[in-house]
Amino acid sequence: VGHFCLVMEEQQALLAGGQGREVATSKCLTCPWPCLSVLRCPWSSCQWISELCDWQKLKGQGEMCFFLFLSLKDMVADGMVFGDMYFNLEWPVLAWFLAASVVVPQILTWCFLWSASMSTWQDLVWVMLFPAVGAVGFVVLSCNQQPIWQQQVALGLICCSAMRICTFLKGIGAGKPALSSGATWWEVAEGLVEAPFSGILTLYGAFLTRQAPSLKFGSSVFFSCLSASFAAQKFDTVGETVGLGSTVLGAIKKVCATIGSRSIAWLVLIQP
């Protein structure tokens, strides 16, 4: 392609040389060789593609989808551990402490944003929607003596929050979190407060079993560490434009090992 462009440029220069005219040349967006404006380079189609598609916006939307998936997976894993602790292991006190470590930080975050005029009563409804539905459903199902798995699903809803979905929907159109939604603070509260507490309680429960942790416990601890790592890295680079790749590498290099070692150290100190 490059040789073809150069040959056509030389031919046009010879034709225009007798009349003293200069040949207008242009360079495609990604084509490394100059080509004539009258000749359409096959690679120049990327120019109108870039005009139709906002790559920066698509990149931001992809990052938001990734972090939403991570958050939802962490909440679902915590809910599964909550139900397993309550019914299978018969540790109701530890199970409710685990649920409190998930719900209370969200309520405190809402109070903080309310004091800064960055949240509304509707946000509190989104925060308490799943916990309230789960608690009511658990009471109704247990009173009617429904199957255990249905009660476990109801308990799992207590560890979920619709606020992350709400902030995602507010910012997905622009490809970045909306500043008015306080999305950054919700991520920080979830990753730096909720995830460490729930991860430590889950690991503590795994130590109490005196055997290898199950898949539920292992996945909960894993996603708690990931959530805490990414939240710490994003909080460290707040106000800066950092790509997903740099965020992942920074979370792995700077934070992940530290969180893991400190969690294990706490468990060694408090294990029975």
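Residues numbered from 1 in each chain as written. Predicted model: local features only at pLDDT ≥ 70, side-chain atom pairs only at ≥ 80, totals over all residues. Heavy atoms only, no water.

> How should I be thinking about the nonpolar core in this particular structure?
Buried together is how nonpolar side chains tend to be arranged in soluble globular proteins. Counting residues in each nonpolar core, the largest one holds 19 residues, and the members touching the most others are Phe82, Met85, Leu98, Leu155 and Ile158. For this core, the secondary-structure elements that each account for two or more residues are α3 (55–88), α4 (92–115), α5 (121–143), α6 (148–158) and α8 (183–208). With sequence-adjacent residues up to four places away left out, Phe82 is seen in contact with Ala95, Trp96, Leu98, Ala99, Leu155, Ile158 and Cys159. (Core = buried A, V, L, I, M, F, W, Y, C linked by side-chain atoms within 4.5 Å. Buried < 20%, exposed > 50% of the residue type's maximum accessible area, 1.4 Å probe, protein only. Helix = DSSP H or I, 4+ residues; strand = E, 2+ residues; numbered from the N terminus. Contact = heavy atoms within 4.5 Å.)

> What should I look at first to understand the packing of aromatic side chains in this one?
Describing an aromatic ring pair means giving the distance of the ring centres and the angle of the ring planes. Enumeration according to the criterion identifies 11 aromatic pairs in this entry. Relative to Trp96, the ring of Tyr86 lies with its centre 6.2 Å away and its plane at 85°, an arrangement referred to as edge-to-face. Residue Tyr86 is found in helix α3, and its partner Trp96 is found in helix α4; the two are separated by 10 residues along the sequence. Its relative accessible area of 38% is what places Trp96 among the partly exposed residues. Aromatic pair Trp114 and Trp121: ring centres 5.1 Å apart, planes at 55°, arrangement tilted. Among the aromatic side chains, those forming a connected cluster through ring pairs are Phe82, Tyr86, Phe87, Trp96 and Phe138. (Phe/Tyr/Trp six-rings, centres within 6.5 Å; stacked < 30°, edge-to-face > 60°.)

> Sorry, what's going on with helix α7 (residues 163–171) here?
Turn by turn, an α-helix covers 3.6 residues, leaving residues three or four places apart pointing in a common direction. Considered for burial, the residues of α7 that qualify are Met163, Arg164, Cys166, Thr167, Phe168 and Gly171. Residues of α7 that are buried in the fold lie against α3, α5 and α8.

Take it as geometry only, folks, not as evidence of what the structure does.
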